[in-house]
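# Chain and residue survey
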Amino acid sequence: KQEVTQIPAALSVPEGENLVLNCSFTDSAIYNLQWFRQDPGKGLTSLLLIQSSQREQTSGRLNASLDKSSGRSTLYIAASQPGDSATYLCAAGAGSYQLTFGKGTKLSVIP
Amino acid sequence: EAGVAQSPRYKIIEKRQSVAFWCNPISGHATLYWYQQILGQGPKLLIQFQNNGVVDDSQLPKDRFSAERLKGVDSTLKIQPAKLEDSAVYLCASSLDHHGRGRWDSPLHFGNGTRLTVT
């Protein structure tokens, strides 16, 4: 059974800092790894999707990497802004058509 | 493009009552998902449809939960009877293609969810 862990559970940084969010998964036989953002009271917004054949994906100030062999993915946010404050979730897509989500990292960017 | 629509946004019921949630996916999206998100947890898949057929309902508590997707478009999720532990946000999502059919490049698009409180 796939298990996804996100560390840290919460993170507070001053505006302008670069930061890294971590995601680990137990079953390396994944098809893709997705990163989502969730604002309070809202649904999830897809940020980046990395297919198993890829090593990384970039969108603006966001860069996500995938290392299947070690069961890890990282989300790098450059030059953080207060508007980046949200909960970030990663999800691993594997065998039985299911996305297994982590519990998320709650990010606060302080002006 | 219009996003995934869900209603109602909030629902408060007493235990043992029934409740239904509605979802309209993004036009043209073949795959529809219902997730349950308990406070402080990541979403957990309840059921996945490909067009109007069920792909995966292994985590759906079938003694009290049911879902249907008529004509491969809108979907409803029902709980009857509700228990206290069903208090959660119910999220609907859709994707353009079916994950698992050799196509794993379609991101999921989520609605804003229905927050259910069972008292």
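Residues numbered from 1 in each chain as written. Chains lettered and ligands numbered in written order. Predicted model: local features only at pLDDT ≥ 70, side-chain atom pairs only at ≥ 80, totals over all residues. Heavy atoms only, no water.

### Observations concerning the overall build of chain B
When its secondary structure is counted, chain B shows zero helices and eleven strands. Moving toward the C terminus, one meets the helices and strands of chain B in the order β-β-β-β-β-β-β-β-β-β-β. A compact globule built from 119 residues would reach a C-alpha radius of gyration of about 14 Å, and chain B, at 14 Å, matches this within 12%. Expressed as lengths along the three principal axes of its C-alpha atoms, the size of chain B is roughly 40 × 30 × 30 Å. Within the span of chain B, comprising 119 residues, buried residues form 47% of the whole. When contacts within chain B are restricted to residue pairs at least 6 apart in sequence, those whose partners lie at least 24 apart make up 55%. (Helix = DSSP H or I, 4+ residues; strand = E, 2+ residues; numbered from the N terminus. Rg over C-alpha atoms; globule rule 2.2 N^0.38 Å. Buried < 20%, exposed > 50% of the residue type's maximum accessible area, 1.4 Å probe, protein only. Contact = heavy atoms within 4.5 Å.)

### Considering the state of the cysteines
Counted according to the given criterion, the structure contains two disulfides over all chains. Residue pairing for Cys23 of chain A: its cysteine sulfur links by disulfide to Cys90 of chain A, the two sulfurs lying 2.0 Å apart. Taking the sign of the S-S torsion, about 80° here, the bridge from Cys23 of chain A to Cys90 of chain A comes out right-handed. Linking Cys23 of chain A in strand E3 (residues 19-25) with Cys90 of chain A in strand E9 (residues 86-94), this pair joins segments that are 67 residues apart in sequence. Linked covalently through their sulfurs, Cys23 of chain B and Cys92 of chain B form a disulfide whose S-S length is 1.9 Å. Taking the sign of the S-S torsion, about -65° here, the bridge from Cys23 of chain B to Cys92 of chain B comes out left-handed. Of the two residues, Cys23 of chain B sits in strand E3 (residues 19-24) while Cys92 of chain B sits in strand E9 (residues 88-95), which places them 69 residues apart along the sequence. Judged by relative accessible area, Cys23 of chain B falls into the buried class, the value being 0%. Relative accessible area serves as the criterion here: at 0%, Cys92 of chain B is assigned to the buried category. (Disulfide = S-S within 2.5 Å.)

### Things to note about the sheet that holds strand E8 (residues 75-79) of chain B
Residue and element names in this part refer to chain B. Spatially, the four strands line up as an open sheet ordered E1-E3-E8-E7, and their pairing is antiparallel. Because the sheet does not close on itself, it has two edges, and the strands there are strand E1 (5-7) and strand E7 (65-69). Direction aside, neighbouring strands of the sheet carry axes that sit 15° apart on average. (Pairing = 2+ DSSP bridges. Axes fitted to C-alpha atoms, helices over the stretch in contact; angles between N-to-C directions.)

### Remarks on the sheet that holds strand E6 (residues 56-59) of chain A
Residues and elements named next belong to chain A. Strand order across the open sheet formed by five strands is E1-E3-E8-E7-E6, with antiparallel pairing between neighbours. Each having just a single partner strand, strand E1 (4-7) and E6 make up the two edges of the open sheet. Here the strands of the sheet are splayed against their neighbours by 15° on average, with no regard to which way each runs.

### Things to note about the side chain of Arg64 of chain B
Residues and elements named next belong to chain B. Mapped onto the fold, Arg64 is located in the loop between strand E6 (53-56) and E7. Among the polar contacts made by the side chain of Arg64, one reaches the main-chain carbonyl oxygen of Pro81 at a distance of 3.0 Å. Contacts of Arg64, omitting those with residues within four sequence positions, involve Lys78, Ile79, Gln80, Pro81, Ala82, Lys83 and Asp86. (Polar contact = N/O pair within 3.5 Å; in protein donor to acceptor, adjacent residues only side chain to side chain.)

### Quick word on the layout of surface pockets
There is about 590 Å³ of room inside the largest pocket. Gln38 and Gly41 of chain A together with Gln37, Leu39 and Arg115 of chain B are, among the 28 residues lining the largest pocket, the residues nearest its centre. Of all the secondary-structure elements, those providing two or more residues to the lining of the largest pocket are E9 and strand E11 (105-110) of chain A together with E9 and strand E11 (114-118) of chain B. In terms of residue count, E11 of chain A provides more of the lining of the largest pocket than any other element does, four residues in total. The residue inventory of the lining of the largest pocket, partitioned by class, reads nine nonpolar, 13 polar and six charged. For the second largest pocket, the calculated volume is near 430 Å³. In terms of lining residues, the second largest pocket is bounded by 19 residues, among which Thr100 and Phe101 of chain A together with Gly42, Pro43 and Lys44 of chain B are the most central. Looking at the lining of the second largest pocket, the elements that each hand over two or more residues are E1 and strand E10 (98-101) of chain A together with strand E5 (44-50) of chain B. It is E10 of chain A that contributes the most residues to the lining of the second largest pocket, four residues altogether. Residues of the lining of the second largest pocket, tallied by class, amount to six nonpolar, nine polar and four charged. (1 Å grid on protein atoms, 1.4 Å probe; cavity = no way out; pocket = protein on both sides within 12 Å on 5 of 7 lines; lining within 4 Å. Points joined across faces, edges and corners; volume = space filled by probe spheres on them. Nonpolar A, V, L, I, M, F, W, Y, C, P; charged D, E, K, R; others polar.)

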